[in-house]
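Chain residues, written in single-letter form:
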Number of protein chains: 2
Amino acid sequence: MIDFEALFKVSYGLYIVSSGDNMKGNGFISNTVFQVTAEPPRFATCCNKNNFTNGLIEKYGLFSVSVLSQKTGPEVFGRFGYKSGKDLDKFEGMNIKYGETGVPIVMDNAVAILECKVLQKFDVGTHNLYVGELINAQILSETDEPMTYSYYRQVRKGYAAPNAPTYIDKSKLVKKTTPVKSKIYKCSACGFIYDENREGIKFSDLPENWKCPVCGSEKEYFIEV
Amino acid sequence: MIDFEALFKVSYGLYIVSSGDNMKGNGFISNTVFQVTAEPPRFATCCNKNNFTNGLIEKYGLFSVSVLSQKTGPEVFGRFGYKSGKDLDKFEGMNIKYGETGVPIVMDNAVAILECKVLQKFDVGTHNLYVGELINAQILSETDEPMTYSYYRQVRKGYAAPNAPTYIDKSKLVKKTTPVKSKIYKCSACGFIYDENREGIKFSDLPENWKCPVCGSEKEYFIEV
């Protein structure tokens, strides 16, 4: 038997994983970046086959990792987690550096960056798992804490995007609160659910400048469901 | 250029990954357990080829994961992280349950447990990466926080064991403190280094009942290096 709540006990960080070159580049929010060997240092990342960045990693054989700070704002998660590079240039207006291999690296909000050359690609179903040799690693901030997935969920009330390995259909989660008469609103940009019962504040009572905690969309983007 | 300090900005949890059956079982401390796909839910773990448990995962095609609580004591890290199942029965005296597949699961100190059936094995160098189908997932404690690698390092002053994917030879780390006249002691059980300069307390001034923060060995196990 699978209690999907148990899956939230596994710890992750939050990252922007990017690929491409100085002409064409893209990145996405990832929670699966991890070291797989120490000698030599190799890192793996998991990418949905439908992600625009997946095609770039395959083409360029490179990926960079920006370890996001705990201070990272919701607009970054909106842009890199809930929108596709097929539809917009996610790097527009961002501080992008090019690494030793030429791969683009998002410097905004990063406490550290890693740069990897792909050695192996494994098909694990809906996602590819890329293992890369670590070429370059730098700390950008000694003081800022890295954002963890647990912090993002518990403090920021964020959810994994549908393309993430950790996405959980909310119908699979056991309801632990007694339902009371309340309304549910959905962000039409990112799908974030505002449940009055869970939040304890009526949606209509939220201030007019309130924004979607996941993608930063205005209140008017919400529809009652 | 690789600044090895940057690698500490990547977030991990801490787990006991086990395999075997009710006659023969073993487990090891792992920081690399992560979900790789959501539909269906699949998890991966990384295991050093020299680990005794690696042979068991290969033989039984199963692994369990015990998500360790933040309260987990140093003796658990000593037993499961710095000792080998070749030399002792790590499960002796522990609360072991057998899952739906028959795989042993360490229940002590666990806030949640996962049970997986291996689907794929990838050779990534010194380690194997196993991808498994999630068969069973349970929460054991709603209130205890999971232990993170960051907490283990910063609060518990623990280090990755030499077989871990995240092991870093200390000579690779940039020294950021000015050296003063001080002594260095090494735990002969687990290799933990007590550096008087870093700790700010002379080793001889530590109380007699002080224990190695990593493996729980007595003070007498330490030798000056």
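Please refer to the structure higher up on the page.
In this report, the structure presented in the accompanying data block is examined.

About the criteria used
- Residues numbered from 1 in each chain as written.
- Chains lettered and ligands numbered in written order.
- Predicted model: local features only at pLDDT ≥ 70, side-chain atom pairs only at ≥ 80, totals over all residues.
- Heavy atoms only, no water.
- Helix = DSSP H or I, 4+ residues; strand = E, 2+ residues; numbered from the N terminus.
- Rg over C-alpha atoms; globule rule 2.2 N^0.38 Å.
- Buried < 20%, exposed > 50% of the residue type's maximum accessible area, 1.4 Å probe, protein only.
- Contact = heavy atoms within 4.5 Å.
- Lys, Arg positive; Asp, Glu negative; His and termini not counted.
- Charge placed at Lys NZ, Arg CZ, Asp CG, Glu CD.
- Least-squares fit on C-alpha atoms with pLDDT ≥ 70 in both.
- Arc of directions from axis to C-beta.
- Pairing = 2+ DSSP bridges.
- Axes fitted to C-alpha atoms, helices over the stretch in contact; angles between N-to-C directions.
- Phe/Tyr/Trp six-rings, centres within 6.5 Å; stacked < 30°, edge-to-face > 60°.

Helix and strand counts for chain A stand at four helices and 12 strands. Here the C-alpha radius of gyration of chain A, 18 Å, is about what a compact globule of 225 residues would show, namely 17 Å. Seen through its principal axes, chain A has C-alpha atoms that stretch 55 × 45 × 35 Å. Out of the 225 residues belonging to chain A, those deemed buried represent 53%. Sequence separation of at least 24 residues holds for 62% of the intrachain contacts in chain A that already meet a minimum separation of 6. Separation between the mean location of the 27 positive side-chain charges and that of the 26 negative ones in chain A comes to 5 Å.

Below, the discussion takes up the relation of the copies chain B and chain A. Relative to chain A, chain B is turned by 180° and slid 0.0 Å along the rotation axis, the superposed coordinates differing by an RMSD of 0.0 Å. Expressed as an axis order, the relation between the two copies is that of a two-fold axis. Relative to the rotation axis, the closest C-alpha in chain B is found at Tyr12 of chain B, a distance of 2.8 Å.

All names here are of chain A. That bond from Glu39 to Pro40 is cis: its omega, -5°, falls within 30 degrees of zero. Topologically, Pro40 is positioned in the loop between strand E3 (33–37) and strand E4 (42–48). Even without being glycine, Asn109 reaches a positive phi, approximately 65°. Mapped onto the fold, Asn109 is located in the loop between strand E7 (104–106) and strand E8 (110–123).

Right, let's talk about helix H1 (residues 52–60) of chain B for a bit. Residues and elements named next belong to chain B. For H1, every residue scored as buried is listed here: Thr53, Asn54, Leu56 and Ile57. The arc that holds the buried residues of H1, viewed along the axis, is 165°, so those residues lie on one side. Residues of H1 that are buried in the fold lie against strand E1 (15–20), strand E2 (25–30), strand E4 (42–48), strand E5 (62–68), strand E8 (110–123) and strand E9 (127–139). Where H1 terminates, the next one or two residues include Gly61, which has phi positive at roughly 65°.

Moving on, we get to the sheet that holds strand E12 (residues 222–224) of chain B. Strand pairs in the sheet, formed through backbone hydrogen bonds, run parallel or antiparallel to each other. All names here are of chain B. Spatial ordering of the open sheet is given by E11-E10-E12, a layout of three strands whose pairing is antiparallel. Where the open sheet ends on each side, the last strands, each with one partner, are strand E11 (193–195) and E12. Adjacent strand axes in the sheet meet at a mean angle of 25°, parallel and antiparallel pairs treated alike. Of the pairings in the sheet, the one linking strand E10 (residues 184–187) to E12 comprises three bridges and is antiparallel in character. Opposite Tyr185, over in E12, you have Glu224 as the bridge partner.

This brings us to the packing of aromatic side chains. All names here are of chain A. All told, the structure shown has 24 aromatic pairs over all chains when counted by the stated rule. The interplanar angle of 75° and the centroid separation of 5.9 Å between the aromatic rings of Tyr12 and Tyr149 together place this pair among those described as edge-to-face. Remark: Tyr149 occurs in helix H3 (residues 149–154) and Tyr12 occurs in the segment before strand E1 (15–20); sequence separation between them is 137 residues. Classification of Tyr149 by relative accessible area gives buried; the value is 7%. Taking the centre distance of 5.3 Å and the plane angle of 65° together, the rings of Trp210 and Phe222 count as edge-to-face. Of this pair, Trp210 sits in the loop between helix H4 (196–199) and strand E12 (222–224) while Phe222 is found in strand E12, placing the two residues 12 residues apart along the sequence. Of the two residues examined, Trp210 and Phe222, each falls in the buried class. Taken together through their ring pairs, the aromatic side chains of Tyr185, Phe192, Tyr194, Phe203, Trp210 and Phe222 make up a single cluster.

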